[in-house]
Amino acid sequence: MIDIRFINANHKLVKAAVQNKNEKADIDSIMALDEERRGLQFVFENLRKLQNQASQEIASIKRAKGDASQLLQEMGEMAAEVKNLNQKLAEINQRLEAMLLGVPNIPAAGVPVGKDESANRVVKSWGEKPEFDFEAKDHLTIAEANDLLDLPRGAKISGSGFPVYKGLGAQLERALINFMLNYHIHHHHYTEVSVPLLVNRQTMIGTGQLPKLEDDMYHVDLDDLFLIPTAEVPVTNLYANEVLPGDSLPIKHVAYSACFRREAGSYGKDTRGLQRLHQFNKVEIVRFVKPEESQQALDEMVQEAERILQAFGLHYRVVELATGDLSFASEHTYDLEVWAPGTGRYLEVSSVSCFGDFQARRAGIRYRAADGKPAFLHTLNGSGLATPRLMIAILEHYQKQDGGVHFKDILKVML
RNA sequence: GGAGAGUUGCCAGAGCGGUUGAAUGGGACGGUCUCGAAAACCGUUGUAUCCUUACGGGUACCCAGGGUUCGAAUCCCUGACUCUCCGCCA
């Protein structure tokens, strides 16, 4: 959430951000409504002041056993007015809040400006595309030959996009999750948390998935709960509406979770095999830091995600997202795209983002600053990593000419 | 799912519908005392927002949302959460 005072003071900047992010929040209406709100608020507070004073008077009259009926009658009329104003004010506040929740975060300075991913900037490339002295097969072909997946049966019991991993495929995926968790715990000093997969509406608003992306979320109507699209949601909201001691920062959490995405509007896009799924597994890293430390934290987290790919010797590139490709809540994001030699494409396996105080403001996550006052902290998170596309890259990278897979080499990395 | 109890400031814990933003105790911070420390004593100690250059002042907040009332931490309703008991169950 963007502070309304910041909007009032920097409306040009905010409007530019809205446009550059292809959003459509109406900043002028927000400012107009806020002005109306402030006016009403002022009137209301003055009225309340009178009312409070009169109440004191009535109290003292009654204590002196005097007659307060005159004043009581006057106050009766005022009470009606106060009530009326209060209702109006509540209604405006609600509308303003709703509009404010629709204002995206502002891209960080230096983020490439552009309307879509074509303006993204490749900032780094690591490793080389592997050379095979045979025709490289894609992961689906490899999976079939080795009985690693059973996608048709997944589709039967749930629908397409709900994969069934089988045999060595299932074991490999489980091992990857465990490997990545341990890596971040032991090498990068994250504290593991295991969190709920269903969260309430407020939690989804806190990290910025709602109200914008409700159609992309699986929802349990009866309980008004949402299946998480990423562990970012429960983990970031762990500290919602808290004031954390300054010396507890930075807080670093790693979590494994299943992730659920409806992927509305992306039917038929990149659907082959494990490329795009409704359910997948992911290890997520999340940090809560002081504002002055978030820039460095972002760089570190990108490197932490990179090390997983480096461990497997997979060629990848780091892409700095342009404004139009940034998520609603993000102000600065780097994607890791791993090379899948059989598929012949770079696949996004990680997205590392700094949210500034945008999420902290929405979720009410604060820390006790050096001056003793509560202040909003900064949140960051990154995939470290998502398993399906990592599986794709690994299977295609470690394939053998005879259609098999160098499982022993993969295992060696994880030991 | 059923029955009951509870939710107050950093913590514990009072609170009659009116002078309660909230007793009291603890903690923390500052001071006196001391060579220093402890003890004792004194003082300070919530958040948000508005007005004000400042000093200072206003408003709101006692789980959340409604209601009653001139006035609600205090009464009523709904919801969330915690605890106890019963039922069911991995």
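Residues numbered from 1 in each chain as written. Chains lettered and ligands numbered in written order. Predicted model: local features only at pLDDT ≥ 70, side-chain atom pairs only at ≥ 80, totals over all residues. Heavy atoms only, no water.

Draft legend 1. Spatial organisation of the overall build of chain A. Of the regular secondary structure elements, chain A holds 13 helices and 14 strands. For chain A, the spread of C-alpha atoms along the three principal axes comes to 100 × 45 × 40 Å. Counting all 415 residues of chain A, 49% fall into the buried class. The long-range fraction of contacts in chain A, counting pairs at least 24 apart against all pairs at least 6 apart in sequence, stands at 74%. Summed over all atoms, the accessible surface of chain A reaches about 20300 Å², with 49% contributed by carbon and sulfur. Distance between charge centres in chain A, computed from 47 positive and 56 negative side chains, equals 2 Å. (Helix = DSSP H or I, 4+ residues; strand = E, 2+ residues; numbered from the N terminus. Buried < 20%, exposed > 50% of the residue type's maximum accessible area, 1.4 Å probe, protein only. Contact = heavy atoms within 4.5 Å. Areas by Shrake-Rupley, 256 points an atom, 1.4 Å probe, with all protein chains shown as cover. Lys, Arg positive; Asp, Glu negative; His and termini not counted. Charge placed at Lys NZ, Arg CZ, Asp CG, Glu CD.)

Draft legend 2. Focus on a nonpolar patch on the surface. A contiguous nonpolar surface patch, about 290 Å² in accessible area, is contributed by L198, V220 and L222. By the element assignment, V220 lies in strand β4 (residues 219-220). Judged by relative accessible area, which is 32%, V220 ranks as partly exposed. (Patch = residues over 30% accessible without salt bridge, like charges linked within 9 Å, V, L, I, M, F, W, Y side chains within 5 Å. Salt bridge = Lys/Arg side-chain N within 4 Å of Asp/Glu carboxyl O.)

Draft legend 3. Up close: the domain arrangement of chain A. Per the domain assignment, the segments making up chain A are domain 1 (4-100) and domain 2 (117-414). Of note, the centres of domain 1 and domain 2, computed from C-alpha atoms alone, are 43 Å apart. Counting from both sides, the interface comprises four residues of domain 1 and, opposite them, eight residues of domain 2. Taken together, both faces of the contact between domain 1 and domain 2 bury some 490 Å²; the carbon and sulfur share is 38%. Area buried by domain 1 at its contact with domain 2 is led by N20, K21 and E23, which between them contribute 83% of it. There are one salt bridge connecting domain 1 and domain 2. As a salt-bridge pair, K212 and E23 come within 2.8 Å of each other at their nearest N and O atoms. Connecting domain 1 to domain 2 are six residue pairs in polar contact (both at pLDDT 80 or more). Residues that form the side of domain 1 that touches domain 2 fall into these classes: no nonpolar, two polar and two charged. (Domains from an automatic or database assignment. Buried area = accessible area lost by both parts, 1.4 Å probe. Polar contact = N/O pair within 3.5 Å; in protein donor to acceptor, adjacent residues only side chain to side chain. Nonpolar A, V, L, I, M, F, W, Y, C, P; charged D, E, K, R; others polar.)

Draft legend 4. Representation of the pattern of salt bridges. Inspection of the entire model under this criterion finds 22 salt bridges. Here K282 ties to E284 by a salt bridge, and the two come within 2.6 Å at their closest N and O atoms. Comparing K282 with E284, the two get one shared label, buried. Its salt-bridge partner being R317, residue E337 comes within 2.8 Å of it at the nearest N-O pair. In this pair, E337 is assigned in strand β10 (residues 332-340) and R317 in strand β9 (residues 316-320), connecting sequence segments 20 residues apart. Each member of the salt-bridge network shares a partner with another, and the members are D3, R5, D357 and R361.

Draft legend 5. Representation of the protein's contact with RNA strand B within the structure. In the vicinity of RNA strand B lie 21 residues, with R5, E45, R48, I58 and R63 positioned nearest. Among the atoms of RNA strand B close to the protein, meaning within 4 Å, 63% are from sugar or phosphate groups. Take S55: an N or O atom from its side chain is 3.2 Å from a sugar or linking oxygen of RNA strand B. R63 has a polar side-chain atom sitting 2.8 Å from a base oxygen of RNA strand B. Mapped onto the surface near RNA strand B, the elements with two or more residues apiece are α3 (27-63), α4 (69-100) and β12 (365-368). When residues of the surface near RNA strand B are assigned to their parent elements, the largest contribution, eleven residues, is made by α3. When its residues are assigned to classes, the surface near RNA strand B shows six nonpolar, six polar and nine charged. (Near = heavy atom within 4 Å.)

Draft legend 6. Looking closely at the sheet that holds strand β8 (residues 279-289). Sheet architecture is open: eight strands sit in the order β1-β9-β10-β11-β14-β8-β7-β2, paired in mixed fashion. Looking at which strands have only one partner, the edges of the open sheet turn out to be β1 (121-126) and β2 (191-192). Along the sheet, helix α12 (residues 387-397) contacts β8, β10, β11 (345-354) and β14 (378-386); its crossing angle with β14, the most-contacted strand, is approximately 40°. (Pairing = 2+ DSSP bridges. Axes fitted to C-alpha atoms, helices over the stretch in contact; angles between N-to-C directions.)

Draft legend 7. Quick peek at the packing of helix α7 (residues 168-186) against helix α13 (residues 407-414). One can describe the packing of α7 onto α13 by two numbers: an axis separation of 10 Å at closest approach and a directional angle of 20°. Looking at the two axes, α7 sits roughly parallel to α13. Here α7 and α13 pass one another in a crossing that is left-handed. Residues L168, L172, A175, L176 and F179 of α7 touch α13, and the partners they reach there are F407, I410, V413 and M414. Grouping the amino acids of the contact of α7 with α13 by side-chain chemistry returns nine nonpolar, no polar and no charged. (Parallel < 35°, antiparallel > 145°, perpendicular 65-115°, else oblique. Left-handed = near helix turned anticlockwise from the far one by under 90°.)

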